[in-house]
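Coordinates in review
Here is how the chains run, residue by residue.
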Amino acid sequence: FVAHDGKVILRPTYDFVDDFSSSVAMVGRGDKISYIDIEGKLLMPFVWEDGMPFKRELAVVIKGDEMAVINKVGGVIIPSGYDNIYLDETSPILTERDGVYRFYSRVGKPLYGEYDRAIPFAFSRAVVGNGDTLSVISPKGERLHSGVYKDIRIISDTLMAIQDSVGLWSLSNMQGEILTKKKY
């Protein structure tokens, strides 16, 4: 790693080094990865096969076909066993295993219940569903709007696109009041 003035500040001894994210960089040695801090200190042993950049204090890691979430000291926040994990900087973590979706707090506490459909948080709203019913929820799990829909997409902090059971789309506010004529 080289500083802006060209001075070498860290000479890594790894097979690859990723960019820093949240003051941590992923490094590889052989077929395993780990993470280092900005001073080059290895934060945990090389046990994971792949990983994602840290999002604040957490990162998604992969071993075999399963995903987990760890913190910066290598502590497991959400254990291995998930097919997909959706992690951003601040929202609850969305996991999926065998078509069952569940949200977790950023310390690994299960939230809200299980769903057969879910879309990660955007604009502090997530879409969840069981059967034909879709709901928009807040990070606290409060149901903001529900109905029988094919799809809901959050497009801003005040608007969502709703696809009705026939397949036509309309724009709605977050209370579910239709703002446009159904189309397409």
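Description of the structure in this document. (Residues numbered from 1 in each chain as written. Predicted model: local features only at pLDDT ≥ 70, side-chain atom pairs only at ≥ 80, totals over all residues. Heavy atoms only, no water.)

This next bit is on the sheet that holds strand β9 (residues 93-97). Across the sheet, four strands lie side by side as β8-β9-β10-β11; this open sheet has antiparallel pairing. Across the chains shown, the open sheet's two edge strands, defined by having one partner strand only, are β8 (84-86) and β11 (110-115). Neighbour-to-neighbour, the strand axes of this sheet turn through a mean angle of 15°, independent of strand direction. The pairing of β8 with β9 spans three bridges and is classified as antiparallel. Counterpart to Ile85 in the pairing with β9 is Thr95. (Pairing = 2+ DSSP bridges. Helix = DSSP H or I, 4+ residues; strand = E, 2+ residues; numbered from the N terminus. Axes fitted to C-alpha atoms, helices over the stretch in contact; angles between N-to-C directions.)

In this structure, Ser23 is a non-glycine residue whose phi angle is positive, near 65°. With respect to the helices, strands and loops of the structure, Ser23 is situated in the loop between β1 (16-21) and β2 (24-29).

Within the element layout of this structure, Met52 appears in the loop between β4 (50-51) and β5 (58-63). In this structure the C-alpha to C-alpha distance between Met52 and Tyr14, which are 38 residues apart in sequence, comes to 17 Å.

Let us look at the sheet that holds strand β18 (residues 169-173). Taken in spatial order, the three strands make up an open sheet running β16-β17-β18, and their pairing is antiparallel. One side of each edge strand has no neighbouring strand; the edge strands of this open sheet are β16 (151-154) and β18. Strand-to-strand, the axes of this sheet are offset by a mean angle of 25°, without reference to chain direction.

We now examine the packing of aromatic side chains. Under the defined criterion, the tally for this structure stands at five aromatic pairs. With 6.2 Å between their ring centres and 75° between their planes, Tyr82 and Tyr104 make a pair best called edge-to-face. Taken as a pair, Tyr82 in strand β7 (residues 76-82) and Tyr104 in strand β10 (residues 100-104) lie far apart in primary sequence, 22 residues in all. Judged by relative accessible area, which is 12%, Tyr104 ranks as buried. Here the aromatic cluster, defined as three or more aromatic residues joined through ring pairs, consists of Phe103, Tyr112 and Phe121. It is Lys63 that lies over the ring of Trp48; its NZ or CZ is 5.5 Å from the centre. In this arrangement the basic side chain of Arg97 is found over the ring face of Tyr82, its NZ or CZ atom lying 4.3 Å from the centre. (Phe/Tyr/Trp six-rings, centres within 6.5 Å; stacked < 30°, edge-to-face > 60°. Buried < 20%, exposed > 50% of the residue type's maximum accessible area, 1.4 Å probe, protein only. Lys NZ or Arg CZ within 6 Å of the ring centre and 35° of its normal.)

It is worth spelling out the nonpolar core at this point. By size, the foremost hydrophobic cluster in this structure holds twelve residues: Leu58, Val60, Ile62, Met67, Val69, Ile77, Ile78, Tyr82, Ile85, Leu87, Ile93 and Tyr104. Sorting the residues of this core by element identifies β5, β6 (66-71) and β7 as the ones contributing at least two each. Those residues in contact with Ile77 that lie beyond four places of it in its chain are Leu58, Val69, Ile70, Asn71, Arg106, Val107 and Gly108. Among the nonpolar cores identified, the runner-up in size contains eleven residues, and Phe54, Ala59, Ala68 and Ile70 belong to it. (Core = buried A, V, L, I, M, F, W, Y, C linked by side-chain atoms within 4.5 Å. Contact = heavy atoms within 4.5 Å.)

So, on to the pattern of salt bridges. Inspection of the entire model under this criterion finds five salt bridges. With a shortest N-O distance of 3.7 Å, Lys72 and Glu57 are connected by a salt bridge. Of this pair, Lys72 sits in the loop between β6 and β7 while Glu57 sits in the loop between β4 and β5, and the two are 15 residues apart along the sequence. Given the relative accessible area of 17%, Lys72 is considered buried. (Salt bridge = Lys/Arg side-chain N within 4 Å of Asp/Glu carboxyl O.)

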